[in-house]
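Residue-level structural notes
Below are the chains, spelled out letter by letter.
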Amino acid sequence: MRDARFFGMDDTKLHLHPGRVSSWQLHGDCAPIYAEVSPTSACNQRCTFCALDFTGHKPQMMDPQVLATALHDAASLGLRSVMFGGEGEPGLHPGLAGIIRDARHEGLSVGVTTNGTSLTREAIEECSCCVWVKVSVDAGTPSVYRELHRASAHQWDALWENVGNLVACSKAQRDGADIGIQTLLLPDNVETIPALAQRARASGAAYLVIKPHSQHPSTKELRYAHLEPFYEELGSRIREATEAYSTESFRVVWRAAAIRRRREGLATPRFDRCRALSFWFYLDTMGDAWACSCWTPDQRWSLGNIYSQGFADIWNGPKRRELMRYVREELDVSACRIGCRAEQDNRYLDRLEHPEKHDAFL
């Protein structure tokens, strides 16, 4: 049965890339393994919990050809995977299918995060050839969904129709995408999560992943900034209720470690500095490459722009070198985002740099 450890959602995966980690150990830096890309900042919903509400979701679209060139260059350096999601809803980009196709043509593993409401048939067919697609559905009933997603009346039905189409297209592939549903655990939706698990299983999806909210430092909405008592009180009960829906073909993936870190408010446990930024980057809709998405829109963390620079020049350029020096020597990691996605990577890398006397005994 697939669980959180199988999917690797709560663990580091850097140990699966020993060559890249070895390069980092030898040189203090390496080529990126993973990228997150925002094809568009437009969004057809205004979720109450949106971490990027400060962007305003202007209807801007990334130029597919510029992106294709950047991904070609990044793949040439050693990029292994890309996730399309970001500031807006990627399904609103009219060229999403071609963007996915171009990325796959470069040999990249591709994932897509979407609200599932606006995917065209062509996009669904291309998504089915990805490694995974996660559809964000943050409630188990239409009324709570509409309230939390600030969604129109028809979007609940539209997303489940598209989930069904994604599942069908993926099953028709020799090695089709794992189609998953993801949800944030919030006070507003907690009572509907078991119903969501039931609906997700009935849809044919491979899993439902339940994770905690993580407050971006620039988020305007503050209602979810202090949920530690909520996770302490209700987390275990909801976990028991939802895991009962797991079967051999469907798994409720409970992000236990992430929820524990969020509940305990541990911003940066067990490591003294950030070492993980050598392995990934974020590319926003305007073409700005960022060393860390946590620190947008602080321009000090912008590495360059793919509309005016080649990606290799950005990655190996002086601005990134100086920023990486700052991260190594000066960054106060206690100011980083609680529940940072790179925390487990940082624990692993910190452990490599601080060997213990029993390590040689296998």
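Remember, it's a predicted structure, so these values are computed and weren't measured experimentally. (Residues numbered from 1 in each chain as written. Predicted model: local features only at pLDDT ≥ 70, side-chain atom pairs only at ≥ 80, totals over all residues. Heavy atoms only, no water.)

1. Overview of the overall build of the protein chain
- Secondary structure assignment for the protein chain yields 13 helices and 10 strands.
- For 362 residues, the compact-globule formula gives about 21 Å, and the C-alpha radius of gyration of the protein chain, at 20 Å, lands near that figure.
- Evaluated residue by residue, the protein chain yields a buried proportion of 57% over its 362 residues.
- The contacts of the protein chain with a sequence gap of at least 6 include a subset with a gap of at least 24, amounting to 74%.
- Element-wise, carbon and sulfur atoms account for 50% of the exposed surface of the protein chain, whose accessible area totals about 16200 Å².
- The positive charge centre, built from 42 side chains, and the negative charge centre, built from 46, are 2 Å apart in the protein chain. (Helix = DSSP H or I, 4+ residues; strand = E, 2+ residues; numbered from the N terminus. Rg over C-alpha atoms; globule rule 2.2 N^0.38 Å. Buried < 20%, exposed > 50% of the residue type's maximum accessible area, 1.4 Å probe, protein only. Contact = heavy atoms within 4.5 Å. Areas by Shrake-Rupley, 256 points an atom, 1.4 Å probe, with all protein chains shown as cover. Lys, Arg positive; Asp, Glu negative; His and termini not counted. Charge placed at Lys NZ, Arg CZ, Asp CG, Glu CD.)

2. What about unusual backbone geometry?
- Residues Thr 296 and Pro 297 are joined by a peptide bond in cis, for which omega reads 5°.
- Tracing the sequence through the fold places Pro 297 in the loop between β9 (288-290) and β10 (302-305).
- In the Ramachandran plot, Arg 150 falls in the positive-phi region, its phi being about 45° despite a non-glycine side chain.
- Its location among the elements puts Arg 150 in the loop between α6 (142-149) and α7 (155-172).
- Residue classification places Arg 150 among the partly exposed positions, given a relative accessible area of 46%.

3. Observations concerning the sheet that holds strand β8 (residues 280-283)
- With respect to topology, 10 strands assemble into an open sheet ordered β7-β6-β5-β4-β3-β2-β1-β8-β9-β10, the strand pairing being mixed. Taken across any chain shown, the strands that pair with only one partner, and hence form the sheet edges, are β7 (251-254) and β10. Strand-to-strand twist of the sheet, defined as the mean angle between neighbouring strand axes without regard to direction, takes the value 20°.
- Summarising the sheet, β8 and β9 pair through two bridges and their orientation is antiparallel. Within β9, the residue paired with Tyr 282 across the bridge is Trp 290. (Pairing = 2+ DSSP bridges. Axes fitted to C-alpha atoms, helices over the stretch in contact; angles between N-to-C directions.)

4. Overview of the nonpolar core
- Judged by nonpolar contacts, the single largest core of 102 residues is most densely connected at Val 82, Phe 84, Val 137, Ile 181, Leu 185, Leu 277 and Trp 301.
- Ranked by the residues each element gives to this core, the list is headed by α7, at seven residues.
- Among the nonpolar cores identified, the runner-up in size contains five residues, and Ala 206, Tyr 207, Val 209 and Val 253 belong to it. (Core = buried A, V, L, I, M, F, W, Y, C linked by side-chain atoms within 4.5 Å.)

5. Examining the pattern of salt bridges
- One pass over the full model with this rule turns up 16 salt bridges.
- The residue Glu 125 makes a salt bridge to Arg 121 at a minimum N-O spacing of 3.5 Å. On the criterion of helical spacing, the pair formed by Glu 125 and Arg 121 is a turn pair, its members being four residues apart in helix α5 (residues 121-127).
- Since its relative accessible area comes to 39%, Glu 125 is described here as partly exposed.
- The class for Arg 121 is partly exposed, based on a relative accessible area of 46%.
- Because the salt bridges share partners, they merge into one network encompassing Asp 272, Arg 273, Arg 275, Asp 350 and Glu 353. (Salt bridge = Lys/Arg side-chain N within 4 Å of Asp/Glu carboxyl O.)

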